[in-house]
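# Summary of structural features
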Amino acid sequence: MLLNGKLKIAVQKSGRLFEESITILKSIGLDFNEKSNKLFALVKNYPIEIIFLRDDDIPEYVQDGICQLGMVGYNEILEKKVDIDLLIPLNFGQCKLSIAKPIGSEINSIEDLEGKRIASSYPVVLKDYLAKKGIKCKIIEISGSVEICPSLDVADAIADLVSTGSTLKANQLEILTDIVESEAYLIKSKVDISPELVELIEKLSSRISAYLNAKASKYLMLNCKRSHLNAIISNTPSLETPTILSLSDPNYVSVHSVIPNNNIWNLVENLKDLGASGILITKIENLMP
Ligand code: ATP
Ligand code: ZN
């Protein structure tokens, strides 16, 4: 592997980003076996290698051009202050980097943090945030289990990644303020590469966008009387304009539309009330705009 002219994509070796990263790469048609080798996987049907790394290392591997693409959380991109291209938000790995304090502590506002100790695995982002707010604190850099620091009296507060908040709660902590929101991104190196690899990256990016569009949408089909058509169309969300098809009974038509994948039940009930029948909603595998 390595200096062989193949496209290298960095993904997390194991952890919260691993499964979704692999699912996306397989869904866009890359054929590889991620289980045979813990360091890298050879893609059988394209000149591509998937490189498995700690998520902390991915931004720099991509910045330095060792890997041309990477899938990593925005929080790590900010923390490493790398110069890369943010290509596509991947709609997974959502979390916030937040400052949390012990429930019932005397810290009740950001100003109360002045002179206090804050433990975090994200010292760079935290330092920038505090500097912007004009607050001086002692930042204690910890690589894991940050949430137990206040109970051990190692710190007065923490800055950590939060998704559901259950870890904070279990450690008698609560959010004081959010610093930044994050999700996983497809990132690209700015280091020059061959025109063939540029073309391959464009192909992969466009397939990933199509996959994400498909996941965010559903395909709606319904039948209705022509007399109900206007009301039904004006109440049907649509990616583009809905398709209207004639049926063997000239009084009826069929309406097809790509709809957003949310609030589906309310939409279906509303369309039924407006006279729609045979309402069918199906998954979309691929949606190339
Ligand atoms: P590694 O061994 O790769 O360094 P890690 O322990 O740093 O693993 P994970 O806990 O797997 O990493 O988190 C990886 C990324 O998942 C985070 O950087 C963040 O972008 C995202 N993430 C989403 N929700 C959370 C959460 N609740 N806690 C931590 N990370 C989260
Ligand atoms: Zn990590």
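Higher on the page you've got the structure.
Residues numbered from 1 in each chain as written. Chains lettered and ligands numbered in written order. Predicted model: local features only at pLDDT ≥ 70, side-chain atom pairs only at ≥ 80, totals over all residues. Heavy atoms only, no water.

### Some words on the packing of helix α1 (residues 18-27) against helix α6 (residues 195-215)
To keep things clear, this is the line we draw: Only the stretch in contact is used when fitting a helix axis, every axis being a line fitted to C-alpha atoms; angles between N-to-C directions are given from 0 to 180 degrees. Helix and strand assignments follow DSSP, with helices taken as H or I runs no shorter than four residues and strands as E runs no shorter than two, numbered in order from the N terminus. Between 65 and 115 degrees an angle is taken as roughly perpendicular, under 35 as roughly parallel, over 145 as roughly antiparallel, and anywhere else as oblique. Whether two residues touch is decided by their heavy atoms; if any such pair falls within 4.5 Å, the residues are in contact. Residue polarity is assigned by list, with Asp, Glu, Lys and Arg as charged and Ala, Val, Leu, Ile, Met, Phe, Trp, Tyr, Cys and Pro as nonpolar; anything else, Gly included, falls into the polar class.
One way to put it is that α1 packs onto α6 with a least axis distance of 9 Å and a crossing angle of 110°. Accordingly, the angle class assigned to the pair α1 and α6 is roughly perpendicular. Note on element contacts: α6 touches α1 through Ile 208, Tyr 211, Leu 212 and Lys 215, opposite Glu 20, Thr 23, Ile 24 and Ser 27. When the residues that make up the contact of α1 with α6 are grouped by side-chain class, the tally is four nonpolar, two polar and two charged.

### Looking at the site of ligand 1
We apply this condition: Nearness here has a simple test: a residue counts as near a molecule or strand if at least one of its heavy atoms is within 4 Å of that partner. Polar contact criterion, stated in full: a pair of N or O atoms within 3.5 Å, where within protein one must be able to donate a hydrogen and the other to accept it, and residues adjacent in sequence count only if both atoms are side-chain atoms. Values of accessible area rely on a 1.4 Å probe in the Shrake-Rupley scheme; residue burial ignores everything except the protein chains shown.
Near ligand 1 there are 16 residues, and of these Arg 16, Arg 54, Asp 56, Asn 75 and Ser 163 occur at the shortest range. A distance of 2.7 Å is found between an oxygen atom of ligand 1 and a side-chain nitrogen or oxygen belonging to Asp 56. A distance of 2.6 Å separates an oxygen atom of ligand 1 from a polar side-chain atom of Asn 75. Protein contacts shield 77% of the accessible area of ligand 1, which totals 630 Å² for the unbound molecule.

### A look at the coordination of the zinc ion (ligand 2)
Filter applied, for reference: Only nitrogen, oxygen and sulfur atoms qualify as donors, and only when within 2.8 Å of the metal (3.2 Å in the case of Na, K and Ca); with water excluded, sites may look incomplete. Sites are called tetrahedral only when four donors show all angles between 85 and 135 degrees, square planar or octahedral only when four or six donors show opposite pairs over 155 degrees and all other angles between 65 and 115, and irregular in any remaining case.
For the zinc ion (ligand 2), the protein coordination sphere consists of Asp 55 (OD) and Asp 56 (OD), at 2.0 Å. Angles of 75 to 175° at the metal separate the four donor atoms of the zinc ion (ligand 2), which places the site in the irregular class.

### Side note on the sheet that holds strand β5 (residues 85-89)
To keep it simple, the criterion reads: DSSP-based pairing: two strands are paired if at least 2 bridges between them are found.
An order of β2-β3-β1-β4-β11-β5 is seen for the six strands of this open sheet, with the pairing classed as mixed. At either margin of the open sheet sits one strand with a lone partner, and together these are β2 (40-42) and β5. Strand-to-strand twist across the sheet, computed as the mean angle between neighbouring axes with direction ignored, equals 25°. Bridge count for strand β1 (residues 7-12) against strand β3 (residues 48-53) is six bridges, and the pairing is parallel. When the bridges of β3 are listed, Ala 10 appears paired with Ile 51. Across the face of the sheet, α1 comes into contact with β1, β3 and β4 (69-73) while running at roughly 145° to β1. Most of the contacts of α6 go to β5, to which it runs at about 30°, and overall it touches β1, β3, β4, β5 and β11 (184-188).

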